[in-house]
Amino acid sequence: MGPIAARRGLWQNRGSRSPGPPVLPYEYFVGLRYTRAKRRNHFISFISMTSMAGIALGVAALIVVLSVMNGFQKELRARILGVASHVQISGFDGSLSGWPEVAEGARRHPQVVAAAPYVMAQALLSFDNTVQGALIRGVSPALENTVADFGQSMKQGSLENLRPGEFGIVLGSELARNLGVRLDEKVTVIAPQGQVTAAGVLPRLKQFRVVGIFEVGMYEYDSGLALIELADAQKLYRLDDRVSGVRLKLKDLFAAPTVTRDLQMTMRADVYVTDWTRSHANFFRAVQIEKRVMFIILTLIVAVAAFNIVSTLVMVVKEKQGDIAILRTLGSSPAELLRVFLVQGSTIGVIGTAVGLAAGIALALNLTGIVHGLEALLGVTLVDARVYFIGDLPADIRLADVATVSLTALALGVLSTIYPAWRAARTAPADALRHEI
């Protein structure tokens, strides 16, 4: 039995005689000792620190980017579904008759919690010398608040100010700003459907008084949506008692595809049922694809840092030829030498991953404040709502993403140690000592 094996037996016997703390195998102590800098290997230590920094940078970047992607997707979904509907029932020809019966039939589904009729049409809004295109949505205020969040998004006025026959209008904040109109002023709504007169076909015009301004925080809606009362919309667009469709709110918004299939089977043949996953699928699909691509790209940063671990260990193995030969002579097996250098390389990966996790989570938690501080310092807008749909940079840290990033970084760090450790384990003591001499 070799000296190292005998010493291991002595440690085990000592542990069996006294209830002291368990002693780790000597491979861990040697591997951790090689990780620390010595007078003769400052360059190797510098490469080790560079590898740790590279892994930490890659892990932090991955966590921040994935958190921003998650936050953007969550915020976008919340803002879209605060204005749009979970499920929408409409007529094939753009109009729906007998909407109360349709709404009542939809409410029988256990997932449906509310239903509201709507009229949707295009129009031109004119104020002073400014003309702006917009979508006009005719709503019933009492029912609309059950399927949308306009009540929580009103900056001025109230949705309840829309009363039938009074021709009031509620504008998005950007739309009102572009028109230059304020509360209680009147805008002219120009419907594209013309009316035939002796002078020819003329567009239908109607003045509406601004009774409210909303801001949902999504530029697409704030700059292009206006609300009027349902009966006023029916008169303006000559729909009589018909509507464009019925909007539904569900208990679980992710059950929308299932509810859509169920309602399509039970509804009458002249209606069409769709849901938010179809009407806004491109937004969420694009974010999901970008998230996957960014994960792959940023993982390359961690991979490059992991390759530095390979070069570090190769140089350590070259420098420690004498130590390796002595350990082999004292009875160390190739497997034990393999573990020595696996411990050294894995330590670099673990420390880099831990530092990256701490830095990434800290950055993600304070990202909004950091972005606003940079905008104020540099005097530029880093997140433009006209480009990114929202004006903030939200972050949503998810445990699954953190675990995936951590395991990926640790796996790359461990894999990068295999070849140098294998080379060290294959070192012949006689050859190593001959080179030392």
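This section reports on the structure supplied with the text. Note that this is a predicted model, so its numbers are computed, not measured. (Residues numbered from 1 in each chain as written. Predicted model: local features only at pLDDT ≥ 70, side-chain atom pairs only at ≥ 80, totals over all residues. Heavy atoms only, no water.)

## A few points about the pairing of strand β8 (residues 225-229)
- Most of β8 is tucked away, with five of its five residues classed as buried.
- Two elements, strand β3 (residues 130-139) and β8, share five bridges in a ladder whose sense is parallel. Counted as the bridge partner of G138 is I228 from β8.
- With three bridges connecting them, strand β5 (residues 168-172) and β8 associate as antiparallel partners. What sits directly across from V170, in β8, is L227. (Buried < 20%, exposed > 50% of the residue type's maximum accessible area, 1.4 Å probe, protein only. Helix = DSSP H or I, 4+ residues; strand = E, 2+ residues; numbered from the N terminus. Pairing = 2+ DSSP bridges.)

## A few points about unusual backbone geometry
- In the Ramachandran plot, D128 falls in the positive-phi region, its phi being about 60 degrees despite a non-glycine side chain.
- The residue D128 is located in the loop between β2 (112-127) and β3 in this model.
- On the basis of relative accessible area, D128 is assigned to the exposed category, the value being 65%.
- Although it is not a glycine, R238 adopts a positive phi angle of roughly 55 degrees.
- Structurally, R238 can be placed in the loop between α9 (230-236) and β9 (245-250).

## Structural notes on the side chain of S153
- Inspection of the secondary structure puts S153 in helix α6 (residues 150-153).
- Residue class for S153 comes out buried when judged on its relative accessible area of 14%.
- Those residues within four positions of S153 in sequence are excluded, and the remaining contacts are I213, F214, E215 and V216. (Contact = heavy atoms within 4.5 Å.)

## Some details on helix α10 (residues 256-266)
- Of the positions making up α10, those classed as buried are A256, V259, T260 and L263. Buried residues of α10, viewed axially, fall in a sector of 105 degrees; they line one side.
- Structurally, α10 contributes buried residues whose contacts are with β1 (87-91), α4 (99-107), β2, β9, β10 (271-275) and α11 (276-279). (Arc of directions from axis to C-beta.)

## Description of the packing of aromatic side chains
- All chains considered together, the criterion is met by four aromatic pairs.
- Between F150 and F214, the aromatic rings sit 5.1 Å apart at their centres with planes inclined by 75 degrees, giving edge-to-face as the arrangement. Of the two residues, F150 is situated in helix α6 and F214 in strand β7 (residues 200-214); the sequence distance between them amounts to 64 residues. You'll find F150 and F214 in the same group, each marked buried.
- Taking the centre distance of 5.4 Å and the plane angle of 80 degrees together, the rings of F167 and F208 count as edge-to-face. Linking F167 in the loop between β4 (154-157) and β5 with F208 in strand β7, this pair joins segments that are 41 residues apart in sequence. (Phe/Tyr/Trp six-rings, centres within 6.5 Å; stacked < 30°, edge-to-face > 60°.)

All quantities given are derived from atomic positions and should not be read as evidence of function.
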